[in-house]
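Listed below, chain by chain, are the residues.
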There are 2 protein chains.
Amino acid sequence: MTEHKLPADIERTSLSIITKELEALGIALEPENAPVVKRVIHTTADFDYAKNLYISSGAVALGAAALAKGTPIITDTNMARAGVSKPGLAKCGGEVLCFMAEPEVAEAAKLAGTTRAVAAVKKAAAMYPTGIFAVGNAPTALLALCEEMENNPDFRPALIVGVPVGFVNVVESKELLVKTCRKFSVPVIAAMGRKGGSNVAAAICNALIYTAADMLDPTNRGWQG
Amino acid sequence: MTEHKLPADIERTSLSIITKELEALGIALEPENAPVVKRVIHTTADFDYAKNLYISSGAVALGAAALAKGTPIITDTNMARAGVSKPGLAKCGGEVLCFMAEPEVAEAAKLAGTTRAVAAVKKAAAMYPTGIFAVGNAPTALLALCEEMENNPDFRPALIVGVPVGFVNVVESKELLVKTCRKFSVPVIAAMGRKGGSNVAAAICNALIYTAADMLDPTNRGWQG
């Protein structure tokens, strides 16, 4: 066991192991989607995501292009926010925001008899109607995003990442998300079924950030895809 | 789909679904360990953890008792730190710390030619030799903890949570951790194999925090176990 291997070397080795094991499993990824799927497997060591991830046509390119223009990412938890690569974002000139812990959001949730996740989404939707929304925890946040898309013609996110995890309302919330995004031509990446999480949300954002950084500077990394 | 269900109700329903599905799978958990295993499944929707988690005898009770005395948790990533329940910790009078992002740690890592994770562990080990250490990301952090246990007789953590995820050095680092903890009678919870993550580290800490809060106030929750 070599202790002094550089993190970047370990990442490259890990991704090549993942590529080989996907081949052995007979799974061929769409080249455009491969960086996202592989990074989620890298984050979870769970090959189920090779089958679970729904990625609408062009979503990776559109999400990365939005990031390359400095579009902000809004997450539903501070945990997902903490997992988004700050050096990567800095290269794109973007930022990652989360309104969950704001006293104003807690107050709005209380008044409306809803969750803080919903109140945080409503605030973010008003502030960033064409932002990138990443939900790794709260199915109610996804439902609120669907409601906003239905009711507000100005709310058209550059991308929605919908990967809450869990056993209650989660599967249905992701199915509704995909349907609603399709209706309004909003790019979407969702983990169908029960699985997902803040780590998965952050991993998907990071794959898009690295793709955006490659767009801005093609000499940047090189292992992606 | 009911949008206005309270988070606490959803959690209770989720845990009862997990309990039923574990029964259907023929998996009987040790009653003491059940809160930890179920919370990890709740966080990942991945029943593999019912088999992957190694929990040394008494580790749950010892970890919870340490938390109930206000023992700090030190994590290897800010993402794991963000996932640890602050209201729960407040009930125990404890805190959660992470040294990864400190400029001093980056400097020490550069000088020693090692990872920031290792430098952060070395700093934390000196400051909190009987703290709770939770590693969800860096196998090098686990190796550093093992080295500290071997070389420093004062370094005897109240508990080590060792759940890094990945494809390179990860499996071996967790095997060495379990062996070294056994040698020095240090309580340990580890996710054997490749799986784990910052979310899993946080989930294990939270299960212990809720157990500690129940110890301090038995009327507190009630669903645990």
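Rules of the game
Residues numbered from 1 in each chain as written. Chains lettered and ligands numbered in written order. Predicted model: local features only at pLDDT ≥ 70, side-chain atom pairs only at ≥ 80, totals over all residues. Heavy atoms only, no water. Axes fitted to C-alpha atoms, helices over the stretch in contact; angles between N-to-C directions. Helix = DSSP H or I, 4+ residues; strand = E, 2+ residues; numbered from the N terminus. Parallel < 35°, antiparallel > 145°, perpendicular 65-115°, else oblique. Left-handed = near helix turned anticlockwise from the far one by under 90°. Contact = heavy atoms within 4.5 Å. Nonpolar A, V, L, I, M, F, W, Y, C, P; charged D, E, K, R; others polar. Phe/Tyr/Trp six-rings, centres within 6.5 Å; stacked < 30°, edge-to-face > 60°. Buried < 20%, exposed > 50% of the residue type's maximum accessible area, 1.4 Å probe, protein only. Pairing = 2+ DSSP bridges. Core = buried A, V, L, I, M, F, W, Y, C linked by side-chain atoms within 4.5 Å. Polar contact = N/O pair within 3.5 Å; in protein donor to acceptor, adjacent residues only side chain to side chain.

Geometry of a packed helix pair, given as the angle between the helix axes and the separation of the axes. All names here are of chain B. Running from N to C, helix 4 (residues 59-68) and helix 11 (residues 198-216) point in directions that differ by 65°, and their axes come no closer than 8 Å. Compared by their axis directions, helix 4 and helix 11 come out roughly perpendicular. The two elements helix 4 and helix 11 meet at a crossing, and its hand is right-handed. Each of V60, A61, A64, A65, L67 and A68 in helix 4 lies in contact with helix 11, whose residues at this interface are C205, L208, I209, T211, A212, M215 and L216. For the contact of helix 4 with helix 11, a count of residues per class yields twelve nonpolar, one polar and no charged.

Attention shifts here to the packing of aromatic side chains. Tallied over the full model, the rule gives four aromatic pairs over all chains. When the ring of A:F47 is compared with that of B:F167, the centres are 6.1 Å apart and the planes differ by 90°; the resulting orientation is edge-to-face. Here A:F47 is found in the loop between helix 2 (34-44) and helix 3 (49-52), whereas its partner B:F167 is found in the loop between strand 5 (159-162) and helix 10 (170-183) on a different chain. A relative accessible area of 11% means that B:F167 is categorised as buried.

This next bit is on the sheet that holds strand 2 (residues 73-75) of chain A. All names here are of chain A. If you trace the six strands from one edge of the open sheet to the other, you get 1-6-5-4-2-3, paired in mixed fashion. Edge positions in the sheet fall to strand 1 (53-55) and strand 3 (96-97), since each of these pairs with one other strand and no more. Two strands pair when backbone bridges link them, and strand 2 and strand 3 are joined in this way by two bridges, in the parallel orientation. Bridging across to strand 3, I74 finds its partner in L97. Along the sheet, helix 4 (residues 59-68) makes contact with strand 1, strand 2, strand 4 (132-135), strand 5 (159-162) and strand 6 (188-191), crossing strand 4 at roughly 115°.

Residues A:I41, A:I73, A:I204, B:I41, B:I73 and B:I204 are the most contacted members of the largest nonpolar core, which totals 95 residues. If near-sequence neighbours (up to four positions away) are discounted, B:I73 is found in contact with B:L67, B:V84, B:L89, B:E95, B:V96, B:L97, B:I132, B:A134, B:C205 and B:I209.

By secondary structure assignment, the location of A:T75 is in strand 2. A distance of 2.9 Å separates the side chain of A:T75 from the backbone oxygen of A:T77, its partner in a polar contact.

Right, let's get into the sheet that holds strand 2 (residues 73-75) of chain B. Sheets are built from strands paired through backbone hydrogen bonds, the pairs being either parallel or antiparallel. All names here are of chain B. As summarised here, the arrangement of the six strands in space is 1-6-5-4-2-3, forming an open sheet in which the pairing is mixed. Both outer strands of the open sheet, strand 1 (53-55) and strand 3 (96-98), are each paired with one neighbouring strand and no more. Taken pair by pair, the neighbouring strands of this sheet meet at an average axis angle of 15°, ignoring direction. Bridge count between strand 2 and strand 4 (residues 132-135): three bridges; the pairing is parallel. In the sheet register, T75 faces strand 4, and the bridge partner there is A134. Contacting strand 1, strand 5 and strand 6 (188-191), helix 10 runs over the sheet at an angle of about 165° to strand 6. Strands in contact with helix 11 are strand 1, strand 2, strand 4, strand 5 and strand 6; relative to strand 5, the strand with the most contacts, it is inclined by about 145°.

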